[in-house]
Structure formats: C-alpha cells, structure tokens
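# Structure at a glance
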Amino acid sequence: MSTATTGGGLRWDWAVIRTLWLRDFLRLRRERSRWLGIVLQPVLFWVILGSGFADSFRLAGDAETDYLAFFYPGILVMIMLFSTIFAMMALIEDRQSGFLQGILAGPASRPAMVLGRLAGLVSMVLLQTGLFMLLAPLAGYPFGAVDWALLLLAIVLGALLLGALNFAAAWLLDSTQGYHAVMGVVLIPLWVLSGAMFPPGDGLIGRLMVANPMHWMVEAVRAGLEGSSTPAAWAVVAGLALGAVVAVALAGWVSRPPAGGGGGSA
Amino acid sequence: MASVLDIRGLSHRIGDRPVLQDVSLDVAAGEIVGLLGPNGSGKSTLLGLLTGRWRPAPGTVRFEGEAMEGVRRRFAAQLGVVFQQPALDGKLTARQNLRLAAMMHALPAAEAAARIAEGLADAELTERADEPVETFSGGMRRRLDVARALLPRPRVLLLDEPTTGLDEASFRALWGRLLPRIRERRLAVLVATHRPDEAARCDRLLLLHGGRVVREATPEALLQEVGRDLVVLHGDEPDAIARRVAEWDGALAVERVGGEVQIVCEDGPTLLPAVLAQFAAGEIAMAALRRPSLADAFARLTGETLDGDATPGEALAS
C-alpha cells in the first residue's frame, strides 16, 4: 500500500490550513481568560523587569538609551516565544485528546497540517505584538520612525522559525512534561541569552549570545523599531527566512506517518 | 456485489513485533463488516493503516477498484472515521466542531450549513449546538463525533470501537441512529470491536487473533457453530468439573473459558438438572443456562476471550 498522492489535492491543503487557522481564533474567542495573558503578560514583564533594571543598567558608551527602550524589542521576541510554547502545548494536547486524528485522516497533506498550525501561531503573534506595539512610543520608538516592513518580516519570519522548530520538538516528544523540560532547559535560556535583557559582552557568554538564533531575531526587531533599514538588518531577515524554510521542511518531515515493517510471518 | 474497499495480504509490524499478518477482506456498498477481537489483536492497526496513521505496509488496498497509490486523497475525502477517542475540540461548541469538519472537506458554505443543521438534528444536539463540547456527556460527544464523521457524506465509514465507554442505553441509541444512515446511504462500513453485541449488528465478521484473520463468517453462522444452548458451571476446581462433564453424552463440547466450564449442548434445560445431579453439594458454586454469544464463538475458535484472557486448554470434548 502506498500513501502517494496525485495532484489536485491543493484545495484540501488550503482547506485544512484555513480550518486550523480559524480554529485558533474560535478558541481564543471562547477562552476569555487568555486575553489577560495576551494583553497583560508582556506589559507586566516590560514594566516590572524594565523598571527594576533601569537604575543599574547603562549601555557601554551610550548614556542616553534607557533600559525600558533597550528591553522593548526583547519583549516582542518574548511574545513570539511564549506564543510558540502555548501553541505547541496545544499541539501535544490535540494529539493526546484525539482532535488531531480527524485532521490526519482527512484528505489534506501533513505539510498542510503543519502550515495550518503555524498560520494560527503567526496570527496570534501578530495580534499580540500588534497590541504591544501600541506602547512603542512610550518606549521611545515613535511610529513614524519604525521601519514597518522590516519589523513585520522580522516578527513573521522569527515566529515561523521558532514555531516550526518547536513543532518538530513537540511532535517528537509527544509529552507536555517533555516539552516543559525543553522549555526550561533550552527555550528560556536562549531568550535570556538573546540580547533581550543585556547586550552581548566580550567573554564566552557574549560569544554564545551572538551564535544564538534568537539574538538575531532580537536584533532584526530592534533594527525595525529603530528604522535602521541597513543591509546588515536585511541580511539578518534573509537569514531568518532561510532558517524558517528549513525549519518548516523539518517540521513536515518529522510529522510524516511513522513507518511500519512488513512481513507476515516473523 | 462490487467491493468499495478491497484489501489483500496487508501486514504491519511495529519494531520486530508483527501486529497484522496477511489480512485480506473486502467491503461492499451498504455492507457492515466487523473486525472482532480483543485488545492487541490488530483491529485498530488495520484501521490505522487505512487512515494513514502509519506509512505503507506490504499488501494491496483498492478503493472502488483503483489501487490506493493513485487515489489516496480521493479515498481520504470519501472517508468518515469514528475513532476510539472522539476527534472533537472540547473548548469549541458542537456547531463549531462541525463547521471545522465541513471546512476541512472544502464544502461550500450553504451546503455546509445545511449539513451541519442536519448533523446536529441527527445527533439530537440542536438545542445544545452552541454549548462547548467539554460540557457534554460521553454519549453526546459520541453522537456528535458520528455526525462529524458523516458530515462529508463519505462512501466508506471506519468505526474504531465506536461505543467505548457508553452505557447500554447510549450504545443502543447510537446504533439505532447509525444503522438507518448506513443503509440509506449505502456506506461501506468497517467496524473494529471487542463487543459481541456490536459484532452481532454486522453483516459479516472477521475474527482477528494475534494479527491474523482466524475466521470469516456471518454472525449467524458463527453462533450456529457454538451450538444451541450453553450450560455454564462455576466451581473451586474447574478442571476436575470439566473432565467429569466431558465424559457425558449430551455435551457437544466442553471448554474451560477463564474460570468457568462451558458445556455446549442442544437441549440445555434438560442437560442442566442432569449435570447438577452428578455433583455433590458444594462442588458447583454456580450454574447457569444461556444462549451462546459471539464472545463464546470467539473463545471457541481462538482459545482466548474477548477480554484478552487465555483459556487454559483446548476443548476437552467435541
């Protein structure tokens, strides 16, 4: 038996992408308590941590930039990270509760299912970052100075890259406990070492930070907010795009049906 | 009758363990074929191979005469599946769940709305259509899940232990709704079950044991093989009881099934008092007379009960 497909299945792929995207919004509409997290969590992090570090933080050679402004791009990346974590916990729950089996048995392809989940995730990230951007002028980023195209691409591609990599991890782990471990040991430390909270220094930690993909997300978002549409900023966005393509392909590959062996008499 | 689904020599193994071995079956339009066996016999694996849960296995599957290789998506679009766990989102309402199912099959909006209304009415959930599914009882969820599976008007319906967790009333109600739909829409239905009362509703049964089909017959034919009546004895020493009973005339077959001794006979009401008279007081703790079920047929043919308990030995007399 083969699961090879013929052409003409794109309408089902498109249908499942729309279905999974719509489902995320239907759920959001019903779960009103989630709005508290969406609206308040980034604000609380920004205000509490930002105010706490404000008095003791000075950028080397830059006495003007206050910590709330420095921390603001990091909060936008934190929104991407937390939205991704929430979406992947939901993915694991969907597999365990049985919802996903109805999708997987349908006529759409597995990559379409992956794209549907990621479309929902990216939309949630855009919604949440969009709301948080209302505070950008207070952080010292006036709307008129922002390079919106650069910022939008940095957020969308960063969310896709993070989401697809986490999709692959969540699919392989298939356990909320296992994913919690990944979150605590890998994802949160990556964010802390992203340059969101402090800039890279010259030591080992600094070099690790520069090698951290999340650092480049923070830098791309920072460039967008500052309106620094430089070739270097666009090179980072191109790198994010390439990484996102590879990560989405990886997620599609990981989620393919497991192989079984043959033979009737072993 | 032309087969809608035709499976030949399907095998599957997980690691080194064969879970399905050389299974062949076919299902025609309007026909209900049952896969009867205990947990681990390969029923759900077979359905999992059809739903794409696993990658290709040796064997051939044809849908409406065409090899699955070329029609996988068309098959999936014509497939309704009721899984062991309902494939519903508990946070969403019944109507929203059906709306998602309609979207997934790319149904036009007007047609989708009509089918959703019909599905809700069929499931007797119209009045609770806008309540979250997580507030529903198990029976209501199952009815909604059946409505979800039937929404795209499938040609093939796969039911994987569809009545798991349902009480007797919900079980009867579900099949009472499902059977007319199957007949009027001429669905080709494959049911995986370990319930004899569910298997009795099938037109044809395949008895699965250790991943192999050990018998294919109608429920009626299987019941006839078991015999007309079944005298069941319980005692502290079932092996000794079985040995003594096996020597008597009137017993067509005597078997140990779990902790009980079953005597297959033509005339139970006559045999039962005669059997009891042969034993001293206290040797038989409990005796019963009943009609044989498909569970008895399965136990007789495989030496294992549908609960998965092995019987201690072969038939002692036949």
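Residues numbered from 1 in each chain as written. Chains lettered and ligands numbered in written order. Predicted model: local features only at pLDDT ≥ 70, side-chain atom pairs only at ≥ 80, totals over all residues. Heavy atoms only, no water.

### Quick look at the nonpolar core
For clarity, the threshold we go by: Residues belong to one nonpolar core when they are buried, are Ala, Val, Leu, Ile, Met, Phe, Trp, Tyr or Cys, and are joined through side-chain atoms within 4.5 Å. To sort residues, take the accessible area from a 1.4 Å probe on protein chains only and compare it with the maximum for the residue type: under 20% means buried, over 50% means exposed, and anything in between is partly exposed. Helix and strand assignments follow DSSP, with helices taken as H or I runs no shorter than four residues and strands as E runs no shorter than two, numbered in order from the N terminus.
Residues Tyr72, Met80, Trp191 and Val221 of chain A are the most contacted members of the largest nonpolar core, which totals 82 residues. Top element by residues in this core is helix H3 (residues 67–97) of chain A. It accounts for 18 residues.

### Remarks on the pattern of salt bridges
Just so we agree on the cut-off: A carboxyl oxygen of Asp or Glu within 4 Å of a side-chain nitrogen of Lys or Arg is what we treat as a salt bridge.
Applying the stated criterion across every chain yields a total of 37 salt bridges over all chains. The partner of lysine 91 of chain B in a salt bridge is glutamate 134 of chain B, with the nearest N and O atoms 3.4 Å apart. Of the two residues, lysine 91 of chain B sits in the loop between strand S6 (79–82) and helix H3 (94–104) while glutamate 134 of chain B sits in the loop between helix H4 (109–122) and helix H5 (138–150), which places them 43 residues apart along the sequence. For glutamate 134 of chain B, a relative accessible area of 43% corresponds to the partly exposed category. Residues joined in a network through salt bridges with shared partners are Arg23, Arg27, Glu31, Arg34, Asp94 and Arg117 of chain A together with Asp89 of chain B.

### A closer look at the domain arrangement of chain B
We apply this condition: The split into domains, and so the bounds of each, comes from an automatic or database assignment of domains.
In terms of domains, chain B is made up of domain 1 (3–222) and domain 2 (228–291). For domain 1 of chain B versus domain 2 of chain B, the distance between C-alpha centres works out to 39 Å.

### Some remarks on the confidence of the model for chain B
Residues and elements named next belong to chain B. For clarity, the threshold we go by: Known as pLDDT, the predictor's per-residue confidence is scaled from 0 to 100. Here a residue-residue contact requires only that any non-hydrogen atoms of the pair lie within 4.5 Å.
Confidence in the prediction of chain B, expressed as mean pLDDT, is 89, and 96% of residues score 70 or more. This model gives residues 310–318 a pLDDT under 50, and the stretch forms 21 contacts once residues within four places in sequence are excluded. Model confidence for the complex is summarised by a pTM of 0.85, with the ipTM given as 0.85.

### Focus: the interface of chain B and chain A
Basically, it comes down to this: Here's the idea: put two parts together, see how much 1.4 Å probe accessible area each one loses, and the total over both is what we call buried area. Classes in brief: Ala, Val, Leu, Ile, Met, Phe, Trp, Tyr, Cys and Pro nonpolar; Asp, Glu, Lys and Arg charged; the others, Gly included, polar.
Taken together, the contact between chain B and chain A spans 46 residues of the former and 47 residues of the latter. Around 4,200 Å² of area is buried between chain B and chain A when both sides are counted, 57% of it from carbon and sulfur atoms. Contact with chain A buries area across many residues of chain B, yet Arg55, Arg73 and Met104 of chain B alone supply 21% of it, more than any other trio. At the junction of chain B with chain A, the criterion picks out three salt bridges. With its nearest N and O atoms 2.9 Å apart, the salt bridge here joins arginine 73 of chain B to aspartate 13 of chain A. Considering each element in turn, the side of chain B that touches chain A owes the most residues, seven residues, to helix H2 (residues 68–77) of chain B. For the side of chain B that touches chain A, a count of residues per class yields 23 nonpolar, twelve polar and eleven charged.

### Focus: the side chain of arginine 110 of chain A
Note the cut-off: In this count, Lys and Arg are taken as positive residues and Asp and Glu as negative ones, while His and the chain termini are left out. Any pair of N or O atoms that falls within 3.5 Å is considered a polar contact. Within protein, one atom must be able to donate a hydrogen and the other to accept it, and sequence-neighbouring residues count only if both atoms are side-chain atoms.
Residue position: arginine 110 of chain A is located in helix H5 (residues 110–133). Despite its burial, arginine 110 of chain A pairs with no opposite charge; the closest candidate is aspartate 13 of chain A, at 10 Å N-O. Engagement of the side chain of arginine 110 of chain A in a polar contact is seen with the backbone oxygen of serine 255 of chain A, the distance being 2.7 Å. Filtering out sequence-adjacent residues up to four positions away, arginine 110 of chain A remains in contact with Leu104, Trp171, Ser255, Arg256 and Pro257 of chain A together with Gly52 and Arg53 of chain B.

### Brief notes about the sheet that holds strand S9 (residues 204–209) of chain B
Residues and elements named next belong to chain B. Let me state the cut-off plainly: One requirement defines pairing of two strands: DSSP has to find at least two bridges between them. Under this scheme, a helix contributes an axis fitted over its contacting stretch, all axes are lines through C-alpha atoms, and angles between N-to-C directions fall in the 0 to 180 degree range.
Sheet architecture is open: six strands sit in the order S6-S7-S8-S3-S9-S10, paired in mixed fashion. Strands at the two margins of the open sheet, each flanked by one partner only, are S6 and strand S10 (212–217). Adjacent strand axes in the sheet meet at a mean angle of 15° when their direction is disregarded.

### Brief notes about the sheet that holds strand S13 (residues 260–265) of chain B
Residue and element names in this part refer to chain B. Strand order in the open sheet made by the four strands is S12-S13-S11-S14, with antiparallel pairing throughout. Only two strands of the sheet have a single partner each, and these edge strands are strand S12 (253–257) and strand S14 (286–290). Geometrically, the sheet is characterised by an average inter-axis angle of 20° between neighbouring strands, direction not taken into account. Across five bridges, the pairing between strand S11 (residues 229–234) and S14 is antiparallel. By the bridge assignment for S14, leucine 230 is matched with arginine 290. Packing against the sheet, helix H11 (residues 294–302) makes contact with S11, S12, S13 and S14, and its axis sits at approximately 95° to S12.

### Re a positive patch on the surface
Put simply, the rule is: Think of a patch as exposed residues, more than 30% relative accessible area, with no salt bridge, where like charges cluster within 9 Å and nonpolar side chains (Val, Leu, Ile, Met, Phe, Trp, Tyr) cluster within 5 Å. All accessible areas in this document rest on Shrake-Rupley with a 1.4 Å probe, and a residue is counted as covered only by the protein chains that are shown. A charged residue contributes its charge at one atom only: NZ of Lys, CZ of Arg, CG of Asp or CD of Glu.
On the surface, Arg29, Arg30 and Arg32 of chain A together with Arg99 of chain B cluster together into a positively charged patch. Within the element layout of this structure, arginine 29 of chain A appears in helix H1 (residues 10–30). Residue arginine 29 of chain A is classed as exposed on the basis of its relative accessible area of 58%.

### Some points on the pairing of strand S7 (residues 156–160) of chain B
Residues and elements named next belong to chain B. Of all five residues that make up S7, five are buried, and the element is covered over most of its length. Residue alternation in S7 divides its side chains into two sets, Val156, Leu158 and Asp160 and Leu157 and Leu159, and both sets are buried. Sheet topology note: the S6/S7 ladder contains four bridges and is parallel. Paired with valine 81 across the two strands is leucine 158, which belongs to S7. The pairing of S7 with strand S8 (residues 188–193) spans five bridges and is classified as parallel. When the sheet's bridge partners are listed, leucine 158 is paired in S8 with leucine 190.

### A word on the environment of glutamate 260 of chain B
Residues and elements named next belong to chain B. Tracing the backbone shows glutamate 260 in strand S13. Put simply, glutamate 260 and histidine 234 are 26 residues apart on the chain and 5.1 Å apart in space, counted from C-alpha to C-alpha. Beyond its immediate sequence surroundings of up to four residues, glutamate 260 is in contact with Val232, Leu233, His234, Glu255 and Arg290. There is a polar contact of 3.1 Å between the side chain of glutamate 260 and the side chain of histidine 234. At 2.7 Å, the side chain of glutamate 260 forms a polar contact with the side chain of glutamine 262.

### Focus on helix H8 (residues 176–192) of chain A
All names here are of chain A. Test applied: What a helix is expected to span follows from its residue count: subtract one and scale by 1.5 Å. The bend reported for a residue corresponds to the angle between axes fitted to the seven residues ending at that residue and the seven starting there.
When the terminal C-alpha atoms of H8 are compared, their 22 Å separation across 17 residues agrees well with the 24 Å that a helix rising 1.5 Å per residue should span. Along H8, the sharpest change in direction is near 40° and occurs at methionine 183. Those residues of H8 lying buried are Thr176, Tyr179, Met183, Leu187 and Trp191. Capping the start of H8 is the job of one residue whose side-chain oxygen sits 3.3 Å from the backbone nitrogen of glutamine 177: serine 175.

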